[in-house]
Amino acid sequence: MANFFHFDELGTNYRTEFIAGLTTFVSMVYILFVNPNVMSASGIDKGAMFTATALATALGCFLMGIIANYPIALSTSLGTNAFFAYSVCVGMKVPWQTALSGTFIAAIIFMILTAFKLRETIIDAIPADLKSAIAGGIGLFIAFLGLNQGGIVVADKSTLVTLGSLHVGSTWLTIFGLILTVVLMSARIPAAIFISMVATTILGMITGLIALPTHVVASVPSIKPIFLTAISHVTDINTLQLWIVVFTFLLVTFFDTTGTLVGLAKQAGFIKDNKIPRIGRALGSDSMAMVGGSLLGSSPMGAFVESSAGIAVGGRSGFTVIVTGIFFLLGTFFSPLLGVITDQVTAPALIVIGILMANALRDIHWDKFELAAPSFLIVLGMPLTYSISDGIALGFIVYPISMLAAKRGKEVHPLMYVLGVIFIIFFWLLNE
């Protein structure tokens with residue numbers, strides 16, 4: 001097995017990969033609870049979605065680990081599930097069964113684009129500066145997520161965001177975890193992020209800030225209410241409005257996943273000469289996961305930024321996410337125990353990972369404004385729009401414009417001009 005996952009070549013081992021897989025699981029396990037809550041707004045059975053989320057995540061992890069040998073976990077994307085539930089089902093009053101069929105059709109198109117290597121061609125067309133901006137932008141985005149989830153930064157009507165209340169015990173739990181993680185990371189302690197998560201959880205339970213589980217094992221909810229519903233309602237996709245929904249699912253998932261893959265690959269040190277090895281296999285894995293997830297009843301799938309937690313503790317091979325996938329399957333039986341992994345436990349990890357990923361910003365040519373401007377918009381756009389794909393869109397629209405103004409238009413890959421126009425159309429359609 002060590003040979004299959006190329007442990008020697010990647011400089012890793014079973015212990016490191018196991019800890020990395022467990023760390024990734026702990027960092028993203030919240031999706032088991034958040035996704036059903038979000039999707040239930042559409043009318044979908046919450047218990048069925050809990051099981052579908054676990055199975056779809058495990059499937060995605062196994063595909064990515066075995067086919068691409070990357071430590072990048074796949075699960076249901078938070079941005080697109082909110083779009084699914086609130087914009088499509090609640091706002092447009094589209095039945096959830098029809099919306100699931102839209103996800104399925106988008107997944108099929110996604111797979112076709114991958115088979116014809118169009119996604120791979122687009123990734124290769126993205127200049128190195130913008131790849132670095134995507135990685136750094138994701139770092140700022142997940143750090144902002146961590147600060148918000150931990151209560152350190154909160155919403156404010158006057159200033160949009162402000163410092164959270166220091167009179168709230170859970171905020172101090174986040175601060176404890178953050179300081180401990182910083183200390184352990186600075187001291188070069190192996191598995192610092194994971195150790196900090198465990199210590200924060202224990203402190204939370206001792207102080208009563210994290211509720212002790214009432215029991216250990218629970219039955220697995222049936223997936224029957226949503227299984228294969230996507231196929232049985234395909235004929236419902238018969239209006240221009242619904243095809244725009246399909247296009248939106250496709251575009252957002254395309255660039256959310258592409259951006260996340262690029263950012264995580266850069267963090268792991270995989271990118272060489274502006275190329276990502278085995279990128280075709282990685283893209284094939286996530287497109288198959290998206291199809292499989294839609295059949296299980298899941299909202300659109302994508303690469304998870306929390307994979308950076310496992311990468312940060314040394315995960316370098318697909319074995320990392322094989323471990324993550326196994327824990328998600330086990331998680332369906334031990335859901336009461338998963339409740340102790342609160343936002344305050346994962347928040348410090350996200351903040352520190354953001355610090356690590358911001359390292360990519362040093363590779364941007366800040367002295368060349370035509371590159372600095374689109375890069376800056378990507379970096380700042382991701383946290384401020386709360387969307388990886390929107391941040392990418394802002395930069396991709398400005399990039400060809402700034403390069404033309406600098407009389408460097410011939411250096412721009414033709415696809416980047418096409419993508420700039422597509423994103424303008426996308427913004428226009430989304431704000432109709």
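Numbering of residues begins from 1 in every chain and follows the order in which that chain's sequence is written. For this predicted model, a pLDDT threshold of at least 70 governs which residues receive local features, and a threshold of 80 or more governs which side-chain atom pairs are given and counted, while totals over whole chains, interfaces and linings are taken from all residues. With hydrogens and water stripped out, all remaining heavy atoms of the structure feed into the side-chain values.

Definition of nonpolar core: a set of buried residues of the types Ala, Val, Leu, Ile, Met, Phe, Trp, Tyr and Cys, connected through side-chain atoms within 4.5 Å. Categorising residues by exposure relies on relative accessible area from a 1.4 Å probe, with only protein chains included: less than 20% of the type maximum marks a residue as buried, more than 50% marks it as exposed, and the intermediate range marks it as partly exposed. Counting residues in each nonpolar core, the largest one holds 118 residues, and the members touching the most others are Phe84 and Phe396. Comment: elements are numbered from the N terminus, with helices defined as DSSP H or I runs of at least four residues and strands as E runs of at least two. The element best represented in this core is helix H12 (residues 240-268), accounting for 11 residues. Membership of the second largest hydrophobic core comes to six residues, among which are Val153, Ile175, Leu178 and Ile351.

Only Phe, Tyr and Trp rings are paired, with Trp represented by its six-membered ring, and only when their centres lie within 6.5 Å; those with planes under 30 degrees apart are stacked, over 60 edge-to-face, the remainder tilted. Enumeration over the complete set of coordinates arrives at 12 aromatic pairs. Between Tyr14 and Phe319 the ring centres are 5.5 Å apart and the planes differ by 80°, which places this aromatic pair in the edge-to-face class. Here the residue Tyr14 occupies a position in helix H2 (residues 14-28), and Phe319 occupies one in helix H15 (residues 319-331), the gap between them amounting to 305 residues. With a centroid separation of 6.0 Å and an interplanar angle of 55°, the aromatic rings of Phe18 and Phe327 are classed as tilted.

Another point: the side chain of Asp390. Its location among the elements puts Asp390 in helix H19 (residues 388-405). What makes two residues a contact is simply this: any of their non-hydrogen atoms within 4.5 Å. Dropping the residues within four chain positions of it, Asp390 is found in contact with Thr385, Phe426 and Phe427.

We now examine the confidence of the model for the protein chain. Residues at a pLDDT of 70 or more form 95% of the protein chain, whose mean pLDDT is 85. The least confident element of the protein chain is helix H16 (residues 335-338), whose mean pLDDT is 68; the most confident is helix H9 (residues 169-186), at 94. As a per-residue measure, pLDDT tells how confident the predictor is, with possible values from 0 to 100.

With that settled, the discussion passes to H2. For H2, built from 15 residues, the straight-helix expectation of 21 Å at 1.5 Å per residue is met to within 8% by its first-to-last C-alpha distance of 21 Å. With respect to burial, H2 is a largely interior element, 12 of its 15 residues being buried. Within the sequence span of H2, burial applies to Thr16, Glu17, Ile19, Ala20, Gly21, Leu22, Thr23, Thr24, Phe25, Val26, Ser27 and Met28. The opening residue of H2, the one whose side-chain oxygen lies 3.2 Å from the backbone nitrogen of Arg15, is Asn13. Helices are assigned an expected span. That span is 1.5 Å times one less than the residue count. The term polar contact refers here to a pair of N or O atoms within 3.5 Å; inside protein, the definition further demands a hydrogen-donor-capable atom paired with an acceptor-capable atom, and it admits residues adjacent in sequence only when both atoms are side-chain atoms.

Right, let's get into the packing of helix H18 (residues 369-385) against H19. Orientation is described by lines fitted to C-alpha atoms, with helices fitted over the stretch in contact, and by angles between N-to-C directions that extend from 0 to 180 degrees. Close contact between H18 and H19 brings their axes to 7 Å; oriented N to C, the two are set at 165°. Between H18 and H19, the angle falls in the class roughly antiparallel. In terms of crossing hand, the pair formed by H18 and H19 is right-handed. Mapping the contact onto sequence places Glu370, Leu371, Pro374, Leu377, Ile378, Gly381, Met382 and Thr385 in H18 and Ile388, Asp390, Gly391, Ile392, Leu394, Gly395, Phe396, Val398, Tyr399, Ser402 and Met403 in H19. By residue class, the composition of the contact of H18 with H19 is 12 nonpolar, five polar and two charged. Just so you know how the angles are binned, under 35 degrees is roughly parallel, over 145 roughly antiparallel, 65 to 115 roughly perpendicular, and the rest oblique. In this scheme the crossing of two helices becomes right-handed for a clockwise turn of the near helix relative to the far one and left-handed for an anticlockwise turn of less than a right angle. In this classification, Asp, Glu, Lys and Arg are treated as charged, Ala, Val, Leu, Ile, Met, Phe, Trp, Tyr, Cys and Pro as nonpolar, and every other residue, Gly included, as polar.

A relative accessible area of 14% means that Phe319 is categorised as buried. When the C-alpha atoms of Phe319 and Asn69 are compared, they prove to be 7.3 Å apart, with 250 residues separating the residues in sequence. Sequence-distant contacts of Phe319, that is, excluding residues within four places in its chain, are made with Met1, Phe5, Phe7, Tyr14, Glu17 and Asn69.

Turning next to the side chain of Thr24. For Thr24, the position within the fold is in helix H2. Residues within four places of Thr24 in sequence aside, it is in contact with Ala73, Glu306, Ser307, Gly310, Thr320 and Thr324.

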